[in-house]
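Overview (structure and organization)
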Amino acid sequence: MSTPTMNRPGGVTAVIILIWIAALLNIALGIWMLLAWIGDNPAITDAQGNAITIPTFYLIINGLLSVLLGVMYVWLARLAGIGSQQAHVIIQALAVINIVFGFFRLPYGWSAIVINAIILFLMSTAGAKQWFSQNR
């Protein structure tokens, strides 16, 4: 890939920062889940007030998947930083998927819906389109 020939738009920089935050949170959560089964497994409380212990297998698998997702976000942020058109498409697709899944998590999904709608808006600006079309 060639080096970028224009200055990165502020909206793209904001999206890259959000991707890095998501990457770090996923990696930290994944490491926590991988270490959480040592000792007593953590428990959650359901709607009726009953304590449910999280199985070790669930913690390990979800921990590994969270770390993997975090690494993929790091890769995506680096691609977005150089203006890769594939990153543009992937970011928009992930934003739409997150918006759809946000509706399944209502009323708690509103924050995901709003953040991903902002990401979609920022990625659809003329400056962002120009940034991601310079490297093919």
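Reference entry: report on the structure contained in this document. Within every chain, residues take consecutive numbers counted from 1 along the sequence as written. Restriction of local features to residues with pLDDT of at least 70 applies here, the model being predicted, together with a cutoff of 80 or more for giving and counting side-chain atom pairs; totals for whole chains, interfaces and linings are based on all residues. Side-chain figures throughout are based on the complete set of non-hydrogen atoms in the structure, without hydrogens or water.

**Describing the environment of Q85**
The following threshold applies: A run of H or I in DSSP becomes a helix once it reaches four residues, and a run of E becomes a strand once it reaches two; helices and strands are each numbered from the N terminus. Whether a residue is buried, partly exposed or exposed follows from its accessible area with a 1.4 Å probe, protein chains only, as a fraction of its type maximum: under 20%, in between, or over 50%, in that order.
Checked against the element boundaries, Q85 lands in helix α3 (residues 85-104). Residue class for Q85 comes out partly exposed when judged on its relative accessible area of 29%. Q85 sits 73 residues away from V12 along the chain, and the two C-alpha atoms are 13 Å apart.

**Examining the environment of L120**
This is how the line gets drawn: Contacts are residue-level and defined by heavy atoms, with any inter-residue pair within 4.5 Å sufficient.
Positionally, L120 belongs in helix α4 (residues 110-123). Using a relative accessible area of 22% as the deciding quantity, one classes L120 as partly exposed. Distance in space between the C-alpha atoms of L120 and A22 is 16 Å, their sequence separation being 98 residues. Sequence-distant contacts of L120, that is, excluding residues within four places in its chain, are made with Q92, A95, V96 and I99.

**Observations regarding the nonpolar core**
Heads up, the condition is: The set of buried Ala, Val, Leu, Ile, Met, Phe, Trp, Tyr and Cys residues whose side-chain atoms join them within 4.5 Å is what this entry labels a nonpolar core.
If you look at the biggest cluster of nonpolar residues, it comprises 19 residues, and the most contacted ones within it are V15, I19, I91 and F132. Elements that contribute at least two residues to this core include exactly α1 (10-36), α2 (56-82), α3, α4 and α5 (126-133). If we ignore the near neighbours within four places in the chain, the residues touching V15 are I91, I119, L122 and M123.

**What about α2?**
Cut-off, in case you're wondering: Between the first and last residue of a helix there are one fewer steps than residues, each counted as 1.5 Å, and that sum is the expected span.
For α2, which comprises 27 residues, the first-to-last C-alpha distance of 40 Å matches the rise-based estimate of 39 Å (1.5 Å per residue) to within 8%. Those residues of α2 not exposed but buried are L59, G63, S66, G70, Y73, L76, A77, L79, A80 and G81. Tucked inside the fold, the buried residues of α2 contact α1, α3 and α5. Within two residues after α2, G83 carries a phi angle of roughly 85°, on the positive side.

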